[in-house]
Amino acid sequence: LVVVVAFNPLRLWLQGTVDRIFYRKEVDLRRALVAFTQKLAEVSDVAALGHEVADTLGSLLKVQGATLFIMDHRRGALRQAVARGGPDPGAIPLSEGACAWLVGRALVSRADLAGHDVRRSLDGESVRAMEGLGGETLMPLVGKQRLVGLIVLGPKEGGFALSPGEAQLLES
């Protein structure tokens, strides 16, 4: 028992070192996202919140652009709220069916939009509108089982896709 107690700090230090060396990106990303969510709780201005989301996700994930869209259900369209790179595309029409489809997903990739199941489930105009957003990954923002917005992440620097760890963190 004394040996276990004496060597436990050494074991914890060694485990932390191994994690930092081999899993640094995931550990750092997880810490940054936790700090980010704590910071969001303190923000009361919607515009500041949007900028914080776009800037943080853009820099953490090393994507070339991040845009926050807010859903205007009265007009049936997404409107750009904040952009980190890229022009304002104006109002983007999105059907109620497309909104309902997005509510059921955590992330949607460009490859997902090209899939046969999506094309069969959604109207062509909605698929073209989502493809026209220019991002590689769409992250639906849902409140009370209703689409309230969409974060569009551009391609990663170097043309890489999101890693499985990054996708899992965004989905949680």
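Owing to the predicted nature of the structure, the values given are computational and were not obtained by experimental measurement. (Residues numbered from 1 in each chain as written. Predicted model: local features only at pLDDT ≥ 70, side-chain atom pairs only at ≥ 80, totals over all residues. Heavy atoms only, no water.)

Draft legend 1. Structural detail: the overall build of the protein chain. For the protein chain, the helix and strand inventory stands at eight helices and six strands. Helices (α) and strands (β) of the protein chain occur, in sequence order from the N terminus, as α-α-α-β-β-β-α-β-α-α-α-β-β-α. For the protein chain, the proportion of its 172 residues judged to be buried stands at 35%. Taking all contacts inside the protein chain whose residues are at least 6 apart in sequence as the whole, residues at least 24 apart take part in 52%. Here the protein chain has roughly 10500 Å² of accessible surface; of this, 58% comes from carbon and sulfur atoms. (Helix = DSSP H or I, 4+ residues; strand = E, 2+ residues; numbered from the N terminus. Buried < 20%, exposed > 50% of the residue type's maximum accessible area, 1.4 Å probe, protein only. Contact = heavy atoms within 4.5 Å. Areas by Shrake-Rupley, 256 points an atom, 1.4 Å probe, with all protein chains shown as cover.)

Draft legend 2. Up close: the nonpolar core. Core analysis: the biggest nonpolar cluster contains 22 residues, and L94, L102, M130, L138 and L150 have the highest contact counts within it. Elements supplying a minimum of two residues to this core: β1 (66-72), α4 (96-103), α7 (124-131) and β6 (146-153). For this core, the element with the highest residue contribution is α4, accounting for five residues. Once residues lying within four places of it in the same chain are set aside, the contact partners of L102 are L94, V108, M130, P140, L147 and L150. Judged by nonpolar contacts, the second largest core, of 14 residues, contains V63, V82, L107 and L153. (Core = buried A, V, L, I, M, F, W, Y, C linked by side-chain atoms within 4.5 Å.)

Draft legend 3. Inspection of unusual backbone geometry at higher detail. If you check the backbone angles, K144 has positive phi at about 55° while not being a glycine. Relative to the helices and strands, K144 is located in the loop between β5 (137-143) and β6. The phi dihedral of Q145 is positive, around 60°, even though this residue is not glycine.

Draft legend 4. Focus on α7. Those residues of α7 that fall on the buried side of the exposure criterion are S126, V127, A129 and M130. Each buried residue of α7 lies within a common arc of 160° when the element is viewed along its axis, so the set occupies one face. Elements in contact with the buried residues of α7: β3 (92-93), α4, α5 (110-114), α6 (116-121) and β5. (Arc of directions from axis to C-beta.)

Draft legend 5. Layout of the confidence of the model for the protein chain. Looking at the protein chain, the pLDDT average stands at 76 and 74% of residues meet or exceed 70. When pLDDT is averaged over each helix and strand of the protein chain, the minimum, 62, is found for helix α2 (residues 24-40) and the maximum, 87, for α4. (pLDDT = per-residue confidence, 0-100.)

Draft legend 6. Representation of a nonpolar patch on the surface in the model. Taken together, the side chains of F7, L10, W13 and L14 present a nonpolar region at the surface, about 460 Å² in accessible area. Inspection of the secondary structure assignment puts W13 in helix α1 (residues 2-22). For W13, a relative accessible area of 53% corresponds to the exposed category. (Patch = residues over 30% accessible without salt bridge, like charges linked within 9 Å, V, L, I, M, F, W, Y side chains within 5 Å. Salt bridge = Lys/Arg side-chain N within 4 Å of Asp/Glu carboxyl O.)

Draft legend 7. Local environment of the environment of Q168. Tracing the sequence through the fold places Q168 in helix α8 (residues 164-171). Q168 sits in the exposed class, given a relative accessible area of 57%. In this structure the C-alpha to C-alpha distance between Q168 and A106, which are 62 residues apart in sequence, comes to 9.4 Å.

Draft legend 8. Region of the structure containing α4. Listed in full, the buried residues belonging to α4 are A98, C99, W101, L102 and V103. Next to the buried residues of α4 lie β1, β4 (108-109), α6, α7, β5 and β6.

Draft legend 9. Representation of the pattern of salt bridges within the structure. By the definition in use, this model includes two salt bridges. A salt bridge links R75 to D72; the shortest N-O distance between them is 3.0 Å. We classify R75 as exposed; its relative accessible area is 57%. Given the relative accessible area of 12%, D72 is considered buried. For R110, the salt bridge identified is with E136, shortest N-O distance 3.5 Å. A residue pair is termed long-range when its members are at least 10 positions apart, and R110 in helix α5 and E136 in the loop between α7 and β5 qualify at 26 residues.

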